[in-house]
Amino acid sequence: HLAPSNNTVMSAQTVMSYDGPKIKVAVLGCTGSVGQRFIELLGGHPWFEIAALGASQRSAGKTYVEAANWKQAVPIPTYVKKIMVSDCDASLPAYKDVKIVFSGLDNEVAGDIEESFAKTGKAVFSNAKNHRMDPDVPILIPPVNAAHMDIIPSQQKHRNWNGGFIVTNANCSTTVMTIALKPIFDAFGIERVHVNTMQAISGAGYPGLPSMDILDNVVPYIGQEEEKMESESKKIFGTIAGDKFADASFLVSAMCNRVHVLDGHMEAMSLKLKKPATPQQVIDAIKNYPSVTKKLGLPSAPEHDIVYHDEPNRPQTRLDRMLGNGFTVSVGRVRADTINDIRLVALGHNTIVGAAGGSIINAELCVVKKLIK
């Protein structure tokens, strides 16, 4: 059974913040889709300043404006345009003063590169899958399991890293699901989840799927997506047991589909609860769930980490994906289920809360908890 835990206990404590000088950060995989979203979101950040950019040898040695095929809806931040792109080599002078590394690297290369930066004392916040299931690396989602960051000192000791560490965020679809489920999990516990996703094409990166494959079409397969949702969620809802994580004991069955929307993952779920609950009790639990990231004083925090829509036809992708500047997960259509107990629909922005934005929130949390000095 998935029983309530104290993963977000710290969120009830006093608001924390940071008032020191701007912290120098680097973005690896800076020319890709996630890297570009990092740069967009960091452009006016009150705590962080981009000091270095890393990419493949094809882009190294060019200014960012020369190297990037910019695909975001806002201009490249002015001060970033002339930063020289470097190789993803932690020993290079470009990274000397960097304290935080945001990784948008492809899974094929991310693992070793991220470790090399952590070994040099950098705090690495990764979007890649490579280290998510490492026993001493947290899959951190502050509205869900902020207390999981407490394993970082053990990770540093175990790996003999002086100041450096790795934190991952979840797969984008897993992030939306776990934030949506957290209030229900805390109030009633969960035995099993059936989830059917409708995932945006931006989740495939750029250039992504050919237009002939996705226009007027739904693709009922996304490589390894179902397996990620089923395994990552157990770790996210699990607990720290000594120097590693112990998975929560519950079942997840995921069916993942690519649909022809640009941004925003929608997920239809059916839940078997541990404790009986009416639809109204579930709705009340969602509406009463605290704004964890706001209470922690994180600058990217939305007013609400999760919102409930009373309208019978919401959430909708185009209308609701940018709630909270893309950091809020929307839930709606809570009702009784004829096979399990409760069914609902959830929606979140896959490249903001589900990717780059999630990593930035994670870094902000580590700053206020004084893990980055």
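Here's what I pulled together on the structure shown here. Nothing here was measured: the structure is a model prediction, and the numbers come from that model. (Residues numbered from 1 in each chain as written. Predicted model: local features only at pLDDT ≥ 70, side-chain atom pairs only at ≥ 80, totals over all residues. Heavy atoms only, no water.)

Moving on: the overall build of the protein. Secondary structure assignment for the protein yields 13 helices and 14 strands. Here the C-alpha radius of gyration of the protein, 20 Å, is about what a compact globule of 373 residues would show, namely 21 Å. If one aligns the C-alpha atoms of the protein with their principal axes, the spans along those axes are about 60 × 50 × 30 Å. In the protein, the proportion of contacts linking residues at least 24 apart, taken out of those at least 6 apart, comes to 77%. A total of about 15800 Å² of accessible surface is found on the protein, and carbon and sulfur atoms cover 51% of it. Here the protein holds 38 positive side-chain charges and 37 negative ones, and the gap between their average locations is 4 Å. (Helix = DSSP H or I, 4+ residues; strand = E, 2+ residues; numbered from the N terminus. Rg over C-alpha atoms; globule rule 2.2 N^0.38 Å. Contact = heavy atoms within 4.5 Å. Areas by Shrake-Rupley, 256 points an atom, 1.4 Å probe, with all protein chains shown as cover. Lys, Arg positive; Asp, Glu negative; His and termini not counted. Charge placed at Lys NZ, Arg CZ, Asp CG, Glu CD.)

According to the stated counting rule, one finds zero disulfides in the structure shown. Not engaged in a disulfide, the cysteine Cys30 finds its nearest cysteine sulfur in Cys88; these two sulfurs lie 7.5 Å apart. Residue Cys88 is classed as buried on the basis of its relative accessible area of 16%. (Disulfide = S-S within 2.5 Å. Buried < 20%, exposed > 50% of the residue type's maximum accessible area, 1.4 Å probe, protein only.)

Take the environment of Asn160 next. Residue position: Asn160 is located in the loop between α6 (152-159) and β6 (165-168). Residue Asn160 is classed as exposed on the basis of its relative accessible area of 69%. Taking the C-alpha atoms as reference points, Asn160 and Lys119, separated by 41 residues in sequence, lie 8.1 Å from one another.

So, about the sheet that holds strand β14 (residues 342-348). Taken in spatial order, the six strands of this open sheet run β10-β7-β11-β14-β13-β12, and their pairing is mixed. The two strands at the open ends of the sheet, each matched to only one other strand, are β10 (251-258) and β12 (306-309). Mean inter-strand twist for the sheet, computed between neighbouring axes without regard to direction, equals 20°. Sheet analysis places strand β11 (residues 265-273) next to β14, joined by seven bridges and oriented antiparallel. Bridging from a neighbouring strand, Met269 pairs with Leu344 of β14. The strands touched by helix α7 (residues 172-188) within the sheet are β7 (190-199), β10, β11, β12, β13 (329-336) and β14, with β11 carrying the most contacts at an inclination of about 30°. (Pairing = 2+ DSSP bridges. Axes fitted to C-alpha atoms, helices over the stretch in contact; angles between N-to-C directions.)

Here the focus is the environment of Thr293. Relative to the elements of secondary structure, Thr293 occurs in helix α11 (residues 292-295). Between the C-alpha atoms of Thr293 and Pro142, which are 151 residues apart in sequence, the distance is 6.6 Å. If near-sequence neighbours (up to four positions away) are discounted, Thr293 is found in contact with Pro142, Pro143, Leu298, Ala301, Pro302, Asp305 and Ile361.

Glancing now at the layout of surface pockets. Volume-wise, the second largest pocket comes out at about 160 Å³. Forming the walls of the second largest pocket are Glu40, Leu41, Gly44, His45, Pro46, Pro299, Ser300, Ala301, Asn325 and Phe327. Classifying every residue of the lining of the second largest pocket by side-chain character gives five nonpolar, four polar and one charged. (1 Å grid on protein atoms, 1.4 Å probe; cavity = no way out; pocket = protein on both sides within 12 Å on 5 of 7 lines; lining within 4 Å. Points joined across faces, edges and corners; volume = space filled by probe spheres on them. Nonpolar A, V, L, I, M, F, W, Y, C, P; charged D, E, K, R; others polar.)

With their axes 9 Å apart at the nearest point, helix α1 (residues 33-42) and helix α13 (residues 352-368) run at an angle of 55° to one another. Classified by the angle between their axes, α1 and α13 sit oblique to one another. In terms of crossing hand, the pair formed by α1 and α13 is right-handed. Two secondary-structure elements touch here, α1 through Val34, Arg37, Phe38, Leu41 and Leu42 and α13 through Ile352, Ala356, Gly357, Ser359 and Ile360. Partitioned by chemical class, the residues of the contact of α1 with α13 number seven nonpolar, two polar and one charged. (Parallel < 35°, antiparallel > 145°, perpendicular 65-115°, else oblique. Left-handed = near helix turned anticlockwise from the far one by under 90°.)

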